[in-house]
Amino acid sequence: MSLYPYAERFGVVRAFPQRGRPRAEVLAEIDVMSEVEDSPYHEGRISGSIYSGDEAHYAFLNEVFGHYSHANVLQRDMYPSATRFEGEIIAMTADMLHAPVVAGEGACGVITSGGTESLMNPLLVYREWGRARGVTQPNVVMPVTAHVALDKGAHYFGIELRKAAVTDQFVADMDSVRSLVDDNTVALVGSAGTYAHGLIDPIDELSALAVERGINLHVDGCLGAFILAWGVDLGYPVPVFDFRLPGVTSISADSHKYGFGLKGSSVLLYRDPELRRLQYFMVSDWPGGLYTSPGMSGSRSGGIIAAAWAAMVTLGRDGYTAIAADIFRTAAELRGVIESNDELRVLGDPYFNVAFTTTKQSGLDIFHVNDFLASRRWRMNGLQLPAALHFCITRPNTQPGVIDRFAVDLAQAISYAREHVGTPAKSGAFYAGDVTREQIESGMASWLDATQSLPPS
Ligand SMILES: Cc1ncc(COP(=O)(O)O)c(C=O)c1O
C-alpha cells in the first residue's frame, strides 16, 4: 500500500491553497479515485467492509444524508427529527434483539459512532457500576477472540482485562472464563460473532454465569447481530445470543455493518436504563452552559443517523432476511469450496464469516495462499494465533459466479503456496488490510506515523 497514492496523477496539496478550485474539477478527481477504489467490491472480491454494496440503496441513503449532513444532533431543538430517528432506530434494534421493552420502560439504548464506541461505553458503564458497589480495581473477563476495541477501552478506563482461552472450536472456553472471575469482576463479554472467525461464544453459559455471580454480560454483536438475528427465521440453528438470555445486560449492534447504513453509526442497547445512565456525562458549572451528553461524542452528523434509520425502515424485516438468506447460502458455498481442498481447514462452525487455514500436514503457509489471492484482487483479512484468513461474506459477494471464481483462484493459490514453501510470504496478519510483512516488521507505531504524515515535498 502506497503512503502517497495519487501523488503522480493529481499532485499533492502541501499548503492551504490561496484560491479555491472549481467544484467540477474537484468532483472529476473524486470520481476517478472512488471508481477505481470501488471496483474490487463491485466484483465481489472484498471480505467484509462493504456490507450492502447495492448502488440504488447507497444512492437513496446519500440523498437522505444530504438533507441532514450539515445538521448537528446535539442541537435537538433545531433538528427534532434526529430525536425521532434515534428513538426509532433503538426501538427497531431492541425489537430485533428481543429486548424487554414495556411501554417505554425496560431496555433502552444510545446511538454511537461505531463498534469501537459501542464497546468502550459499556466498559465505562461497568466500571462505574462496580465503583458503586465498592469495586476499586475492576476486571472484565472475555475470551481472547473478543474484539480489540475492548483492549482499547480497558486501557483508556483503567480496567483490567482477563483473557480466557477458547476451545478447539474457537469459542469461549467456559472453564477458563470461570477460573478468571473473582469478586472484582464487573462484567463478562461474549461475541456473536467474533471478528476473527465469525463464531458465536456460548452466550447462554456466559449468561448463566453472569446471573450466578450477579455481574453484567455484554454481547458484542457489532459484526453479527444484524445478520445472525435473521438466521433462525431462515432455518439455521443459530443459538440465542440476545436479551432472551437473562444475564445479557447490554448488546452492541452496528448499523453501519449488516445494518446497511452509512459508515459512522452503531446501536448500543442496555437492559436497564440505570446502566445507560452510568455512561452519561454532565457538567453544570461550565461557563459554556449546562453540559449533558449521552456518550463520548460531541457534535454528531444528523445525516448518518437519518441514513441508518432510512436503511432500516426501507428494508424492513423482509429486506434484511432476503439479503441474509443470500449471505448464509454464499458462506455455506464458500465453506464447501474451502473444505474441498485437503490442504485447508475451516475454523469452527461459521455462518457468515468463514476463517480458514492450512492443515499441518500440508506444510503450506496460509499467507502464501493469501499472496496469490491478493494478486488476483481478492482482499482477505489476515489473522494470527493461529495464522489464518477470513472471508466475511457480504452482499456483493453473493453475486452469481463470485464463489466459482474464488474456487478457481484458491486452487491456484494452493499450488503457488506449494511452490513457495520455505520463502517468506509477502502478506501477514494485519487488521487494516493490505500491508506487507516488511511494513509491519518496520514497526507498528512507525507505520501509523507514516500513514498520518504530510505528503512528500
Ligand atoms: C466483532 C466486532 N466488534 C467490534 C468491531 C469494531 O467496529 P468498528 O470498526 O465499527 O469500530 C468490529 C469490527 O469489525 C467487529 O468485527
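In this text the structure is predicted, and so the values were computed from the model without any measurement.

Draft legend 1. Expanded view of the overall build of the protein chain. The helix and strand inventory of the protein chain stands at 15 helices and 15 strands. Compactness check: the protein chain gives a C-alpha radius of gyration of 23 Å against a globular reference of 23 Å for 457 residues, within 12% of the reference. Per-residue burial for the protein chain yields a buried fraction of 49% across its 457 residues. Counted over contacts in the protein chain with a minimum sequence separation of 6, partners at least 24 positions apart contribute 70%. Roughly 21800 Å² of accessible area belongs to the protein chain as shown, and the carbon and sulfur atoms make up 54% of that amount.

Draft legend 2. A nonpolar patch on the surface, seen in detail. A contiguous nonpolar surface patch, about 240 Å² in accessible area, is contributed by Val26, Leu27 and Ile30. Along the polypeptide, Leu27 turns up in helix α2 (residues 23-42).

Draft legend 3. Just the site of the ligand, in detail. Lining the immediate surroundings of the ligand are 14 residues, of which Gly115, Thr116, Asp220, His256 and Lys257 lie closest. For the ligand, an oxygen atom lies 2.8 Å from a polar atom in the side chain of Lys257. The leading source of residues in the shell around the ligand is helix α5 (residues 115-131), at three residues. The class makeup of the residues in the shell around the ligand is five nonpolar, six polar and three charged.

Draft legend 4. Geometry of the packing of helix α4 (residues 80-96) against helix α11 (residues 302-339). α11 packs onto α4 with a crossing angle of 45° between their chain directions and a minimal axis gap of 9 Å. Classified by the angle between their axes, α4 and α11 sit oblique to one another. Both α4 and α11 take part in a crossing whose hand is left-handed. Of the residues in α11, those touching α4 at Ala82, Arg84, Phe85, Glu86, Glu88, Ile89, Met92, Thr93, Asp95 and Met96 are Ile305, Ala306, Ala308, Trp309, Met312, Val313 and Arg317. Among the residues making up the contact of α4 with α11, the classes are represented as 11 nonpolar, one polar and five charged.

Draft legend 5. Representation of α11 within the structure. When the terminal C-alpha atoms of α11 are compared, their 45 Å separation across 38 residues is substantially less than the 56 Å that a helix rising 1.5 Å per residue should span. Along its length, α11 shows its largest kink, about 90°, at Gly316. Put simply, Ser301 is the residue that caps the front of α11, since its side-chain oxygen is 3.0 Å from the backbone nitrogen of Gly303.

Draft legend 6. Quick peek at α2. Compared with an ideal rise of 1.5 Å per residue, which puts 20 residues at 28 Å, α2 spans 27 Å between its outermost C-alpha atoms and is within 8% of the ideal. Its maximal kink placed at Val36, α2 deviates by approximately 25°, while the proline Pro40 follows within four residues. Here the buried face of α2 lies against α1 (7-10) and α3 (55-68). Just past α2, the residue Gly44 takes up positive phi, approximately 75°.

Draft legend 7. A look at the nonpolar core. Among the nonpolar cores identified, the biggest contains 119 residues, and Val177, Leu188, Leu228, Phe241, Tyr258, Phe406 and Leu410 are the most heavily contacted of them. Ranked by residues supplied to this core, first place goes to α11 with 18 residues. Beyond its immediate chain neighbours, meaning those up to four positions away, Tyr258 contacts Tyr51, Leu223, Phe226, Ile227, Tyr320, Ile327, Phe352, Cys392, Ile393 and Thr394. Phe170, Val171, Leu347 and Ala388 belong to the second largest nonpolar core, which has eight residues in total.

Draft legend 8. The arrangement of the sheet that holds strand β3 (residues 108-112) in detail. The strand order across the open sheet built from seven strands is β3-β9-β8-β7-β6-β4-β5, with neighbouring strands paired in mixed fashion. Both edges of this open sheet fall to β3 and β5 (160-164), since each of them pairs with a single strand only. Shown here is a sheet whose adjacent strand axes are inclined to one another by a mean of 20°, direction ignored. Across the sheet, α5 is in contact with β3, β4 (139-143), β6 (185-191), β7 (216-221), β8 (250-253) and β9 (266-270); its angle to β9 comes to roughly 25°.

Draft legend 9. Representation of the pattern of salt bridges within the structure. Using the criterion set out here, one finds 25 salt bridges in the structure. Measuring nitrogen to oxygen at the nearest pair gives 2.9 Å for the salt bridge that ties Asp182 to Arg162. Of this pair, Asp182 sits in the loop between α7 (174-180) and β6 while Arg162 sits in strand β5; the two residues are 20 residues apart in sequence, bridging distant segments of the chain. By relative accessible area, which is 18% here, Arg162 ends up buried. Across the pair Arg418 and Glu343 runs a salt bridge whose closest N-O atoms are separated by 2.6 Å. Of this pair, Arg418 sits in helix α13 (residues 402-419) while Glu343 is found in the loop between α11 and β12 (344-346), placing the two residues 75 residues apart along the sequence. Taking the relative accessible area as the measure of exposure, Arg418 reaches 46% and is therefore partly exposed. Connected through salt bridges with shared partners, the residues Glu43, Arg45, Arg376, Arg377 and Asp409 form a single ionic network.

Draft legend 10. Representation of the packing of aromatic side chains. Using the criterion set out here, one finds 19 aromatic pairs in the structure. Geometrically, the ring pair formed by Trp286 and Tyr291 is edge-to-face, given 6.4 Å between the ring centres and 90° between the ring planes. Tyr291 sits in the partly exposed class, given a relative accessible area of 27%. Members of the aromatic cluster, joined through ring pairs, are Tyr51, Phe226, Trp230, Tyr258, Phe260, Tyr320 and Phe352. In this structure, Arg45 packs its charged tip against the face of Trp378, placed 4.7 Å from the ring centre.

Draft legend 11. Structural detail: the pairing of β3. With five of five residues buried, β3 is to be regarded as a mostly interior element. The alternating pattern of β3 places Cys108, Val110 and Thr112 and Gly109 and Ile111 on opposite faces, both of which are buried.

Draft legend 12. Layout of the sheet that holds β12. Sheet architecture is open: four strands sit in the order β12-β13-β15-β14, paired in antiparallel fashion. Across the chains shown, the open sheet's two edge strands, defined by having one partner strand only, are β12 and β14 (381-383). Across the sheet, the axes of successive neighbouring strands diverge by a mean angle of 30°, strand direction being ignored. Note that β12 and strand β13 (residues 353-358) share three bridges and pair antiparallel. Bridged to Leu344 within β13 is Thr358.

Conventions adopted
Residues numbered from 1 in each chain as written. Predicted model: local features only at pLDDT ≥ 70, side-chain atom pairs only at ≥ 80, totals over all residues. Heavy atoms only, no water. Helix = DSSP H or I, 4+ residues; strand = E, 2+ residues; numbered from the N terminus. Rg over C-alpha atoms; globule rule 2.2 N^0.38 Å. Buried < 20%, exposed > 50% of the residue type's maximum accessible area, 1.4 Å probe, protein only. Contact = heavy atoms within 4.5 Å. Areas by Shrake-Rupley, 256 points an atom, 1.4 Å probe, with all protein chains shown as cover. Patch = residues over 30% accessible without salt bridge, like charges linked within 9 Å, V, L, I, M, F, W, Y side chains within 5 Å. Salt bridge = Lys/Arg side-chain N within 4 Å of Asp/Glu carboxyl O. Near = heavy atom within 4 Å. Polar contact = N/O pair within 3.5 Å; in protein donor to acceptor, adjacent residues only side chain to side chain. Nonpolar A, V, L, I, M, F, W, Y, C, P; charged D, E, K, R; others polar. Axes fitted to C-alpha atoms, helices over the stretch in contact; angles between N-to-C directions. Parallel < 35°, antiparallel > 145°, perpendicular 65-115°, else oblique. Left-handed = near helix turned anticlockwise from the far one by under 90°. Expected span 1.5 Å × (residues − 1). Bend = angle between axes of the 7 residues up to and from the residue. Core = buried A, V, L, I, M, F, W, Y, C linked by side-chain atoms within 4.5 Å. Pairing = 2+ DSSP bridges. Phe/Tyr/Trp six-rings, centres within 6.5 Å; stacked < 30°, edge-to-face > 60°. Lys NZ or Arg CZ within 6 Å of the ring centre and 35° of its normal.

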